[in-house]
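Chain by chain, the residues run as shown.
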Amino acid sequence: MKKLEFKHAASFIAFSLLSTAAAADKWEPGVGASVSYAPMYEIEGESKGVFEGDLYGVGIKYASASNTPVSAELNYQMGSNEYSGSSAEADSSVIDADITFGKAFFPGNWEFIPYLGLGFQQMEQDIDSASYSNGNDLVTPSRTHRHLYIPVGLYLGSTSPLDQFDFYISTEYQRVVMGEVKLSGAGGNTFNSNDGQGFRAEAGIHFPSESSFNLYSGIFYQRWDIEASDKSATVIDGVLTNRNEPATKQVSAGVTIGLQF
C-alpha cells in the first residue's frame, strides 16, 4: 500500500500545484457548489490486493452565519478501478453526507471552530471480470458498504489584512458507530459492520470578491479503515458457510472546484 501511495503522490502534488481549483470552504457562510477530482483512489483488503483508480465528484454545502454555526454537506463521487494482479475492473461510487455543529472563536485575524456532528457514507463497487480468484477477498461481483459515523474536527481560517485572500485548514476524525456490508458473492447476505474510523484533512485559499460569489482553491486527503464485519451463515455454491467481509482500507486524495454564494 505504501508503494502505491508513494507512486500516486507525485502526480497528485503536481496536479494540485498546477490546478486553478476552487473548493467550497466548509464553514464559509452561504451555499456552495463544487466538483472534485481525486487522481488517487485505492481500496485494499486483508489479502493486500488493491483496487486503484480515480474518482470524479460533485457536491453541495450550506453553512450558517453565527457564533454557533451549522454546516451541512452532500458529496457524490464515481470512477473506475483496476485490481492489481488480475483482470478485474470495477465501477465505484461514494456518497457522503453530514451535518455538523460548531462554536466559533475569533482571536485577532483568525477564526477557530471546533465541531462535531453526524455523517453517513456509502461505498459501492460493481466488479466486471470473467473470473474471480478464490481466496481473493476483494474480487466479488459487487459490494456495498454503508456506515453511520460521528465527525469531530477542528477548523482554522485566517483573515488577510490585505483583504486579498484568506487561507483555511481543517482536520476531522470520523468514528463509525454502526453500519452494514452487502456482498453479492455471498448469496446477497448483509453483514453487520460496526467498527471503523476515518480521517480527513483539507487546506485551501479563499479569494474574497465584491460580486455575489467567492472563489476557493484547495486540496484534500481522506482515509477510511473499516474493520472486518461480523460473521454470518450464508450459502455459497450450495454450501452453508460462515463468512464475513474482511477489513478494508480506502484512501483518496485530490482537489475540488467550486463556488461559494
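Conventions used here
- Residues numbered from 1 in each chain as written.
- Predicted model: local features only at pLDDT ≥ 70, side-chain atom pairs only at ≥ 80, totals over all residues.
- Heavy atoms only, no water.
- 1 Å grid on protein atoms, 1.4 Å probe; cavity = no way out; pocket = protein on both sides within 12 Å on 5 of 7 lines; lining within 4 Å.
- Points joined across faces, edges and corners; volume = space filled by probe spheres on them.
- Helix = DSSP H or I, 4+ residues; strand = E, 2+ residues; numbered from the N terminus.
- Nonpolar A, V, L, I, M, F, W, Y, C, P; charged D, E, K, R; others polar.
- Patch = residues over 30% accessible without salt bridge, like charges linked within 9 Å, V, L, I, M, F, W, Y side chains within 5 Å.
- Areas by Shrake-Rupley, 256 points an atom, 1.4 Å probe, with all protein chains shown as cover.
- Salt bridge = Lys/Arg side-chain N within 4 Å of Asp/Glu carboxyl O.
- Lys, Arg positive; Asp, Glu negative; His and termini not counted.
- Charge placed at Lys NZ, Arg CZ, Asp CG, Glu CD.
- Buried < 20%, exposed > 50% of the residue type's maximum accessible area, 1.4 Å probe, protein only.
- Pairing = 2+ DSSP bridges.
- Contact = heavy atoms within 4.5 Å.
- Polar contact = N/O pair within 3.5 Å; in protein donor to acceptor, adjacent residues only side chain to side chain.
- Core = buried A, V, L, I, M, F, W, Y, C linked by side-chain atoms within 4.5 Å.
- pLDDT = per-residue confidence, 0-100.

Peer 1: Tell me about empty space enclosed by the protein, and please be specific about residues and values.
Peer 2: A complete count under the given rule lists one cavity of 30 Å³ or more for this structure. Sort the elements by how many residues they give to the lining of the largest cavity and strand β1 (residues 30-45) lands first, with six residues. For the lining of the largest cavity, the class distribution of residues is 22 nonpolar, 15 polar and eight charged.

Peer 1: Tell me about a negative patch on the surface, residues and numbers included.
Peer 2: Together, Glu82, Glu89, Asp91, Asp126 and Asp128 make up a negatively charged patch on the protein surface. At the level of elements, β4 (89-102) and β5 (110-128) are the ones that each hand at least two residues to the negative patch. On the secondary structure map, glutamate 82 appears in strand β3 (residues 70-83).

Peer 1: Could you give an account of the pattern of salt bridges, with specific residues and numbers?
Peer 2: Scanning the model with the defined rule gives four salt bridges in all. When the shortest N-O distance is used, the salt bridge between arginine 146 and glutamate 180 registers 2.9 Å. Of the two residues, arginine 146 sits in strand β6 (residues 142-158) while glutamate 180 sits in strand β7 (residues 166-183), which places them 34 residues apart along the sequence. Here glutamate 180 falls in the partly exposed class, since its relative accessible area comes to 30%. Across the pair glutamate 202 and arginine 200 runs a salt bridge whose closest N-O atoms are separated by 2.7 Å.

Peer 1: Residues and numbers for the pairing of β4, please.
Peer 2: In terms of strand pairing, β3 meets β4 through 13 bridges, oriented antiparallel. Looking at the pairing, valine 70 lines up with phenylalanine 101 of β4. Looking at chain direction, β4 and β5 are connected through 14 bridges and run antiparallel. Within the sheet, the bridge partner assigned to glutamate 89 lies in β5 and is aspartate 128.

Peer 1: Just give me the short version of the environment of serine 92, but keep the residues and values in it.
Peer 2: By secondary structure assignment, the location of serine 92 is in strand β4. Each C-alpha atom, one on serine 92 and one on glycine 79, is 5.4 Å from the other, the two residues being 13 residues apart in sequence. Those residues in contact with serine 92 that sit more than four places away from it in its chain are Tyr41, Leu55, Gln77, Met78, Gly79, Asn81, Glu124 and Gln125. Engagement of the side chain of serine 92 in a polar contact is seen with the side chain of asparagine 81, the distance being 2.3 Å.

Peer 1: Give a description of the nonpolar core that names residues and reports values.
Peer 2: Formed by Ala38, Tyr41, Ile43, Phe51, Leu55, Tyr83, Ala88, Ala90, Val94, Met123, Ile127 and Phe220, the largest nonpolar core amounts to 12 residues. With residues near it in sequence (within four places) discarded, valine 94 still touches Tyr41, Leu55, Asn75, Tyr76, Gln77, Gln121, Gln122 and Met123.

Peer 1: Describe in detail the side chain of glutamate 172, supporting the description with residues and values.
Peer 2: Within the fold, glutamate 172 resides in strand β7. Here the side chain of glutamate 172 touches tyrosine 115 through a polar contact of 2.8 Å, side chain to side chain. Within the local environment of glutamate 172, its side chain forms a polar contact with the side chain of glutamine 174, the two groups lying 2.9 Å apart.

Peer 1: If you had to explain the confidence of the model for the chain to someone new, which residues and values would you point to?
Peer 2: Per-chain confidence: the chain averages 78 in pLDDT, with 74% of residues scoring 70 or above. Ranking the elements of the chain by mean pLDDT puts helix α1 (residues 2-18) last with 40 and β4 first with 92. Segment residues 1-24: pLDDT under 50, and 48 contacts once partners within four positions in sequence are set aside and those in other chains are kept. Between residues 134-139, whose pLDDT stays under 50, and residues either more than four places distant or in other chains, the model counts 22 contacts.

Peer 1: Hey, could you go over the pairing of strand β9 (residues 196-207) for me, with residue numbers and the actual values?
Peer 2: Bridge analysis of β7 against β9 gives 10 bridges, and the strand direction is antiparallel. Following the sheet pairing, serine 170 is matched in β9 by glutamate 202.

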